[in-house]
Amino acid sequence: MVNQPGRMSEPQSAKTALVLPGGGARGAYQAGVLQAIAEITPPGVNPFPVICGVSAGAINAVVLASHAHEFHVGVDRLVQFWSSMFCGRIYRTDAWSVLRTAAQWALSIPLGGKVIPHPKSLLDNRPLRRFLQDSLKLQGIGEAIAGGHLQGVAITASGYTSASATSFFQAASGVLPWERERRRGLTVTLQVNHLLASAALPLIFPAEQIGAEYFGDGGMRMLTPLSPAIHLGANRIMVISTRDEKPDPPPTHSVPYPSLGEIGGYLLDTIFMDTLNADLDRLRRINRTLALVPPGHVTDSALQKIDSLVVRPSRDVRDITQEHMGDIPRAVRLLLHSLGGWGKDWRLASYLLFEPAYCQELIAMGYSDGMAMCGELSEFLEVPRRR
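Residues numbered from 1 in each chain as written. Predicted model: local features only at pLDDT ≥ 70, side-chain atom pairs only at ≥ 80, totals over all residues. Heavy atoms only, no water.

Q: Honestly, the overall build of the protein in this entry has me stumped. Any pointers?
A: Broken down by element type, the protein carries 16 helices and 10 strands. Considering the protein as a whole, with its 387 residues, one finds that 55% of them fall into the buried category. Within the protein, counting contacts between residues at least 6 apart in sequence, those at least 24 apart form 77% of the total. Carbon and sulfur atoms make up 57% of the accessible area of the protein, which amounts to about 17200 Å² in all. (Helix = DSSP H or I, 4+ residues; strand = E, 2+ residues; numbered from the N terminus. Buried < 20%, exposed > 50% of the residue type's maximum accessible area, 1.4 Å probe, protein only. Contact = heavy atoms within 4.5 Å. Areas by Shrake-Rupley, 256 points an atom, 1.4 Å probe, with all protein chains shown as cover.)

Q: Sorry, what's going on with the nonpolar core here?
A: Within soluble globular proteins, side chains that are nonpolar generally end up buried alongside one another. Counting residues in hydrophobic clusters, the biggest one holds 111 residues, and the most contacted among them are L34, W82 and M238. Looking at which element gives the most residues to this core, the answer is helix α1 (residues 27-40), with 8 residues. Aside from chain neighbours lying at most four places away, what touches L34 is L18, F48, L64, F71, V75, L78 and I240. (Core = buried A, V, L, I, M, F, W, Y, C linked by side-chain atoms within 4.5 Å.)

Q: Please clarify how the pairing of strand β1 (residues 16-20) should be interpreted in this entry.
A: Note on strand geometry: in a regular strand, side chains alternate between the two faces of the sheet. Counting buried positions along β1 yields 5 of 5 residues, so the element is predominantly enclosed. Where β1 lies against strand β9 (residues 236-240), 4 bridges are found, and the strand directions are parallel. Along β9, the bridge assignment pairs A17 with I237. Relative to strand β2 (residues 50-54), β1 runs parallel, the two sharing 4 bridges. By the bridge assignment, L18 is partnered in β2 with I51. Note that the unit made of β1, α1 and β2 has a crossover that is right-handed. (Pairing = 2+ DSSP bridges. Right-handed = clockwise from strand over helix to strand, strands pointing away.)

Q: I keep staring at the packing of α1 against helix α3 (residues 71-83) and nothing clicks. Help me out?
A: A pair of packed helices is characterised by two quantities: the angle between their axes and the separation of those axes. Running from amino to carboxyl end, α1 crosses α3 at an angle of 145°, the nearest separation of the two axes being 9 Å. The handedness of the crossing between α1 and α3 comes out as left-handed. Contacts between α1 and α3 involve G27, A28, A31, L34, Q35, I37 and A38 on the former and, on the latter, F71, H72, V75, L78, V79 and W82. Among the residues forming the contact of α1 with α3, the class breakdown is 10 nonpolar, 3 polar and no charged. (Axes fitted to C-alpha atoms, helices over the stretch in contact; angles between N-to-C directions. Left-handed = near helix turned anticlockwise from the far one by under 90°. Nonpolar A, V, L, I, M, F, W, Y, C, P; charged D, E, K, R; others polar.)

Q: In this structure, what is going on with helix α13 (residues 330-339)? I would like to understand it.
A: One turn of the α-helix equals 3.6 residues, which is why residues spaced by three or four share an orientation. Taken as a whole, α13 has its buried residues at A331, V332, L335, L336 and L339. Down the axis, α13 shows its buried residues gathered within 140° of arc, on one side only. Facing away from the buried side of α13, by more than 90 degrees, are the exposed residues R330 and S338. G340 lies just past α13 and shows a positive phi near 75°. (Arc of directions from axis to C-beta.)

Q: Help me understand the packing of aromatic side chains, please; the structure alone is not making it clear to me.
A: Each aromatic ring pair is characterised by the separation of its centres together with the angle its planes make. Throughout the structure, instances matching the rule amount to 9 aromatic pairs. Judged by centre distance (6.3 Å) and plane angle (15°), the ring pair of W82 and F354 falls under stacked. Within this pair, whereas W82 is found in helix α3, its partner F354 is found in the loop between α14 (347-352) and α15 (356-372), the two being separated by 272 residues in sequence. The residues W82 and F354 share a single accessibility class, namely buried. By way of ring pairs, the aromatic residues F81, W82, Y91, F131, F205 and F354 are connected into one cluster. Above the ring of Y351, the side-chain terminus of R26 is found at 4.4 Å from the ring centroid. Geometry around F380 places R236 over its ring, the cationic atom sitting 5.8 Å from the centre. (Phe/Tyr/Trp six-rings, centres within 6.5 Å; stacked < 30°, edge-to-face > 60°. Lys NZ or Arg CZ within 6 Å of the ring centre and 35° of its normal.)

Q: Can you walk me through the layout of surface pockets in this structure?
A: The gaps of empty space that remain are located by a probe, the size of a water molecule, rolled over the atoms. Here the largest pocket defines a volume of roughly 720 Å³. As for the largest pocket, its lining consists of 26 residues, and the residues nearest its centre are D248, Y266, R318, D345 and R347. When residues of the lining of the largest pocket are traced back to their parent elements, those giving at least two are α10 (260-292) and α12 (317-323). Residue classes in the lining of the largest pocket are distributed as 11 nonpolar, 1 polar and 14 charged. Roughly 520 Å³ of internal volume is contained in the second largest pocket. Forming the walls of the second largest pocket are 22 residues, and the residues nearest its centre are K120, S121, L123, D124 and P206. Elements represented by at least two residues in the lining of the second largest pocket include exactly α5 (95-108), α6 (126-135) and β7 (208-210). At 5 residues, the largest contribution of residues to the lining of the second largest pocket is made by α5. (1 Å grid on protein atoms, 1.4 Å probe; cavity = no way out; pocket = protein on both sides within 12 Å on 5 of 7 lines; lining within 4 Å. Points joined across faces, edges and corners; volume = space filled by probe spheres on them.)

Q: Teacher, can you tell me more about a nonpolar patch on the surface here?
A: A cluster of nonpolar side chains, Y257, I263, Y266 and L267, forms an exposed patch at the surface whose accessible area comes to about 490 Å². Locating I263 in the fold gives a position in helix α10. Taking relative accessible area as the criterion, I263 reaches 33% and is therefore assigned partly exposed. (Patch = residues over 30% accessible without salt bridge, like charges linked within 9 Å, V, L, I, M, F, W, Y side chains within 5 Å. Salt bridge = Lys/Arg side-chain N within 4 Å of Asp/Glu carboxyl O.)

Q: Would you explain the pairing of strand β10 (residues 307-311) in this entry?
A: Burial runs high along β10: 5 of the 5 residues are buried. Side chains of β10 alternate between two faces, with D307, L309 and V311 and S308 and V310 buried alike. Alignment of β9 against β10, held across 5 bridges, turns out to be parallel. Paired with M238 across the two strands is L309, which belongs to β10.

Q: Even after reading the chapter, I still don't get unusual backbone geometry, so can you show me in this structure?
A: What you tend to see is this: most non-glycine residues have negative phi, and most peptide bonds are trans. Although it is not a glycine, S55 adopts a positive phi angle of roughly 60°. Among the structural elements, S55 can be located in the loop between β2 and α2 (56-65). Residues other than glycine seldom take positive phi values, yet L203 does so here, at roughly 70°.

Q: Help me understand the pattern of salt bridges in this model?
A: A pair can form between side chains of opposite charge whenever their charged atoms are brought close. For the coordinates displayed, the defined rule picks out 14 salt bridges. Two residues, R26 and D269, come together in a salt bridge whose shortest N-O distance is 3.6 Å. Separated by 243 residues along the polypeptide, R26 in the loop between β1 and α1 and D269 in helix α10 bring together distant segments of the chain. Residue classification places D269 among the buried residues on the basis of a relative accessible area of 7%. Across the salt bridge formed by D279 and R282, the nearest N and O atoms sit 3.9 Å from each other.

This is how it looks when you write it as structure tokens:
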């Protein structure tokens, strides 16, 4: 699906941003779309001088940013990263770890957390920390910026104390920090802890301490998810979504009360996609308004026209999740059963199914969706199509 309200008047000065929202294991879909983009992009060309990500999208963003001087290599690494993914690389899946946490929750609540402390999260993501520390080449970000291949990269996390969204960014010298209501941008040298903070799904993964504050998933407080890209200098934006936009039909008869697992999956859908869609709608309204303003007064408005393009999954990811439900580790399956997130609504499971067959199918769908849009992608990114 595409929203393309017009072309830039000065395409040679265009800076295209890639915005990657969160989605847990659904982030594999983004790798597939990027694989299609790499296939239509000439060698040596980086189509995204600005890259922004949240949660799983933050990890994808950093991999691309660290290879901005060799875009195709970065995409290959991303595809390999997701193709070989398994749950134990992200969180502990052994029965003892999962069931111990569940038991700790059950026992700490009636005791008020005084005798038995409340657990920090449902799942232990220490394996992800080790994996990122071993596999990422974060020094490549600075090298890409110094070489002029990258304008900037931003990773957003939500502060639990400040109740605001913080975009930690590494960018060229002309990009300045910003401060708005409930959101800000801070210049940093990106590290693994920024990624863990952005990807700390509420209740599922533990919050990450940065400085004096604990941070969780960046989607929770980011009401304007396109703003970091604009602050980094982008004047057109491409988004790779992790959810199709076909609404479920309303029930024709009374349904059971939603389980904790259903509510959790619903909240994750809201965190990752609803605010992004609202911000895209706002962008379209601004573009329509600017089209009505006489040319001589556009500069006075302090607004600029920003084109956008959105790629969304052609299938409901939950259907694919159901097809691979047997791949979920047994202990995690039991946990999902206990939360009511198994068998009726596969939203929550779709975020946690970091297994090869599932991720590879999402990559394949992303690649197919990207290739189906190769004409729109080439035009929007202003790259000549490879023959």
